[in-house]
Amino acid sequence: EKYCLNNPNGATRFMTHPTISYSATDKWNATYIVNRNWKTGKAFLIGNNSATLSNFGTDGNNYTFTNQSGKTVKGTYSIAKTYGKITVVSIVATDSQLLIYENGILIETLTVATDFIFSKIIAGDNGTTNIFNGKLYFCKIQNGESSASFVKAEYDMLRSIFSEVE
C-alpha cells in the first residue's frame, strides 16, 4: 500500500507545509487521493485548519468550502457512497466557482469567491478536537485552472499508479 500520510487514530495530527495564498481572482486547483473513514462531523482535508477561514473538506455527507473571507458553502452531492473507499478528489477554483470532481467526473459546482490559504493537510475538527481518520495517498496544489479533460487525464494517470483507487 502506498500513501503519503496516515492518521489511523485521529489524534491532533496534521501535516503543515509552506503557506500558499490565493486571492479571489487567482485560479488554482488541488487534487488529492484520500480514503475517508468518517461519516459525521467535520474534516478539513486541505486549508489552514480554521473552523472559520480557508478550509475544504466535509461536513457530514457533503463537501464544504470556506474561503479566506469567511464565506462558507456546503454542497448538496452526497459523498456517503465513498466512505471507506479510495477516491481521487480534484477541486478547480475559477474567479467565482469551485468545481469539485470525484474520480475524474464533475459532481458539484459551488458558487463562491475562491480566495484561499493552504498551510495544513488532513486536519479535522469535530468541534472539540482535530480528527482525521483515514489515509492520504496523494496531494497536489498548483496555480491555474484545470480543464475537465485535464482532470480526467490526471485521474486516469493516478489510477494507473494507485490501483487501489475505486
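Attention in this report is confined to the structure presented alongside it. (Residues numbered from 1 in each chain as written. Predicted model: local features only at pLDDT ≥ 70, side-chain atom pairs only at ≥ 80, totals over all residues. Heavy atoms only, no water.)

Turning our attention to the side chain of Asn-29. Within the secondary structure, Asn-29 is located in strand S3 (residues 28-36). The buried category is assigned to Asn-29, whose relative accessible area is 2%. For Asn-29, the contacting residues outside a window of four places in its chain are Ile-91, Val-92, Lys-140, Ile-141, Gln-142, Asn-143, Gly-144, Glu-145 and Ser-146. (Helix = DSSP H or I, 4+ residues; strand = E, 2+ residues; numbered from the N terminus. Buried < 20%, exposed > 50% of the residue type's maximum accessible area, 1.4 Å probe, protein only. Contact = heavy atoms within 4.5 Å.)

Time to look at the environment of Thr-16. Mapped onto the elements of the fold, Thr-16 is located in strand S2 (residues 15-22). Residues Thr-16 and Ile-121 lie 105 residues apart in sequence; the distance between their C-alpha atoms is 6.4 Å. The residues touching Thr-16, leaving out its near neighbours within four places in the chain, are Ser-119 and Lys-120.

Structurally, Ser-146 can be placed in the loop between strand S12 (134-143) and helix H1 (148-161). Using a relative accessible area of 10% as the deciding quantity, one classes Ser-146 as buried. A polar contact is formed between the side chain of Ser-146 and the side chain of Asn-29, at a distance of 3.1 Å. Excluding anything up to four places from it in sequence, Ser-146 contacts Asn-29, Val-92 and Val-151. (Polar contact = N/O pair within 3.5 Å; in protein donor to acceptor, adjacent residues only side chain to side chain.)

By themselves, these are just geometric observations and shouldn't be taken as functional.
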